[in-house]
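So you can see what is in the structure, the chains are spelled out below.
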Amino acid sequence: MAVDSILSSPLGPPACEKDAKALQFIEEMTRNADSVQENVLAHILRRNADTEYLKSFNLDGATDRETFKSKIPMVTYEDLQPFIQRIADGDRSPILSSHPVSEFLTSSGTSAGERKLMPTIKEELDRRQLLYSLLMPVMNLYVNGLDKGKGLYFLFIKSETKTPGGLLARPVLTSYYKSDHFKTRPHDPYNVYTSPNEAILCPDSFQSMYTQMLCGLYDRHQVLRVGAVFASGLLRAIRFLQLNWRQLADDIRAGSLNHKVTDPDILSCMTRILRPDPELADFIVSECSKEKWERIITRIWPNTKYLDVIVTGAMAQYIPTLDYYSGGLPKACTMYASSECYFGLNLNPMSKPSDVSYTIMPNMAYFEFLPHEAAPAAGVAQPPPLVDLADVEVGKEYELVITTYAGLYRYHVGDILRVTGFHNAAPQFQFVRRKNVLLSIDSDKTDEAELQAAVESASRLLKGYDTSVVEYTSYADTATIPGHYVVYWELLAREPTAGPTGEVMERCCLEMEECLNSVYRQCRVADGSIGALEIRVVRNGTFEELMDYAISRGASINQYKVPRCVSFTPITELLDSRVVSTHFSPSLPHWAPDRRRC
Ligand code: AMP
């Protein structure tokens, strides 16, 4: 039922009364972006006026933007680390927020190799929930009939730890899926999932994925959208199907459940779902045993209207593979969020990935923007002029700086955004990139310093062979699932006949992995979402050829620096054509959920 008559929206005719209210809310927030922002800041400052952090800057009760901007410095995680450490250790005094910190959200961004701990407060869940509640009303403007079927979403929780002071530390989505907001959400015909909560909430990733896939196969005709949070997650599900379709088909044929699934909650909920369906089992066998898996998503789930996955930012590298498996289905990037704060949503979710812009919702936090070209050098005392949400300019790039209800004040998120336009008075942003990220396959983010440290540490293993690494560069290889890091090494051996053996080179691969941050190692070990690191040794002189190539394309000889990551095809082709040997990490690096400092 279109409800123009009930409440119309400039965004389009809402699908139902609930949607009309959500769209109305978006209109109100975006029309009044600047005044909403002013109120949000005043609210945050008023309620947190007595926190140790704000008192130290002598705001003296001021809640206006001018005083705030003149007295409160911009900070990074490292600046806040001592405060966060005290909270983690059990100090319950109002340090950053007057509301008690309810838990820590563990970001995929790292500090000193470990996930950053973002303090959060209970009511932030409501704010996140509010943003989620806006997504389907917007989607319903573009896709009809989503209430006539289900969404096949591969959603997972990850391991959680406790800080010495007893607070939980876990990823934001784990926190959300385990909350009553998610677990006891009211039935919404537009938002029915094939995956039972019990499967999503199972901590064992195999059992969780197996059950979610099985349920998705049973419901194959009802599935209208297929998704995961990030593109890499959906591809991991396809890979899982490739590896497990025989067992899945056997279970469907017999109405049984793989003996590897032992989680009692899953077992009890699956008794309601399992049933023998030999016809479906035959169909799965016939489709999955075909050599080509092109369009497998639409072959198995023929009514899929779109994929719901983030393919912006680092995830853009997966677009061709997703297109291959889905026959080019639209890819909806619905929201932009982080552990620190949920930022906003895409008001045109069926747009091409290259055209995706996110509208930051002014009620979520107080947002400021550091003009990208004016990024300050470390240690510069004078705060650079930050621009308010409503004042950013179309075409310009900015770094996102946030002030949250949970007690982050003028905090650098590390994302670079470009303004593409406005919806009412609220700007819309293209996600350009994350600052300082060289390599990323899944939620891992490896920067240049981390890669350098890993190469240095691994190259020490070559000392006994009078060999050194003279140059290196890297590449995120996503041609296989899961993707993996490739590091090209040019070696200099004093005595080429006594150079390192293949076994030594494999140890170098593993040593590099041991040195990479804990998110990388968790993806490798617990999630299996990154494959073994590969070193490709290239013949001597290759990096000089690389330089010649860059100079032939206009680089300056004086300023030329070896790129520490390459993705331009002619360059990877050049490197690959000079490879003399390849080596893979022979085993998994160490990772344990409790290896955190706090
Ligand atoms: P985390 O704190 O681990 O949740 O990671 C949050 C970061 O993921 C953000 O700061 C962005 O860098 C990235 N991210 C989140 N949503 C998107 C999106 N829609 N497109 C591109 N990158 C995103």
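See the structure shown above.
All of the points below concern the structure found in this document. (Residues numbered from 1 in each chain as written. Predicted model: local features only at pLDDT ≥ 70, side-chain atom pairs only at ≥ 80, totals over all residues. Heavy atoms only, no water.)

Structural notes on the overall build of the protein chain
And then number 1: Across its full length, the protein chain carries 20 helices and 20 strands.
And then number 2: Relative to a compact globule of 598 residues, whose C-alpha radius of gyration would be 25 Å, the protein chain shows 25 Å and is just as compact.
And then number 3: Its C-alpha atoms put the protein chain at 80 × 70 × 50 Å along the principal axes.
And then number 4: Split into buried and exposed, the 598 residues of the protein chain put 55% on the buried side.
And then number 5: Nonlocal contacts in the protein chain, meaning residues at least 24 apart in sequence, comprise 69% of its contacts between residues at least 6 apart.
And then number 6: For the protein chain, the accessible surface area stands at approximately 24,900 Å², while carbon and sulfur atoms represent 51% of it.
And then number 7: Between the centroid of the 62 positive side chains of the protein chain and the centroid of its 74 negative side chains there is a distance of 2 Å. (Helix = DSSP H or I, 4+ residues; strand = E, 2+ residues; numbered from the N terminus. Rg over C-alpha atoms; globule rule 2.2 N^0.38 Å. Buried < 20%, exposed > 50% of the residue type's maximum accessible area, 1.4 Å probe, protein only. Contact = heavy atoms within 4.5 Å. Areas by Shrake-Rupley, 256 points an atom, 1.4 Å probe, with all protein chains shown as cover. Lys, Arg positive; Asp, Glu negative; His and termini not counted. Charge placed at Lys NZ, Arg CZ, Asp CG, Glu CD.)

Structural notes on the sheet that holds strand β8 (residues 331-332)
Two strands in a sheet stick together by hydrogen bonds in their backbones, pointing the same way (parallel) or opposite ways (antiparallel).
And then number 1: Read from one edge of the open sheet, four strands run β3-β6-β7-β8, paired in parallel fashion. Both edges of this open sheet fall to β3 (150-154) and β8, since each of them pairs with a single strand only.
And then number 2: In this sheet, strand β7 (residues 306-310) lies alongside strand β6 (residues 223-230) in parallel orientation, the contact comprising four bridges. Within β7, the position partnered with V226 by the bridge is L307.
And then number 3: Across the face of the sheet, helix α10 (residues 205-218) comes into contact with β3 and β6 while running at roughly 160° to β3. (Pairing = 2+ DSSP bridges. Axes fitted to C-alpha atoms, helices over the stretch in contact; angles between N-to-C directions.)

Quick look at empty space enclosed by the protein
And then number 1: Taken as a whole, this structure holds three cavities of 30 Å³ or more when the rule is applied.
And then number 2: For the second largest cavity, the calculated volume is near 60 Å³.
And then number 3: When its residues are assigned to classes, the lining of the second largest cavity shows five nonpolar, five polar and one charged. (1 Å grid on protein atoms, 1.4 Å probe; cavity = no way out; pocket = protein on both sides within 12 Å on 5 of 7 lines; lining within 4 Å. Points joined across faces, edges and corners; volume = space filled by probe spheres on them. Nonpolar A, V, L, I, M, F, W, Y, C, P; charged D, E, K, R; others polar.)

A word on the site of the ligand
And then number 1: In the vicinity of the ligand, 15 residues are found, and the nearest of them are S108, T312, M335, S339 and D415.
And then number 2: One of the side-chain N or O atoms of T312 is found 2.7 Å from a nitrogen atom in the ligand.
And then number 3: A distance of 2.9 Å separates a nitrogen atom of the ligand from a polar atom in the backbone of M335.
And then number 4: Protein burial of the ligand: of its 500 Å² of free accessible surface, 89% is covered by the chains.
And then number 5: Looking at the shell around the ligand, the elements that each hand over two or more residues are β1 (101-111), β9 (335-337), β15 (411-423) and β16 (426-434).
And then number 6: The element that contributes the greatest number of residues to the shell around the ligand is β9, accounting for three residues.
And then number 7: The residue inventory of the shell around the ligand, partitioned by class, reads seven nonpolar, five polar and three charged. (Near = heavy atom within 4 Å. Polar contact = N/O pair within 3.5 Å; in protein donor to acceptor, adjacent residues only side chain to side chain.)

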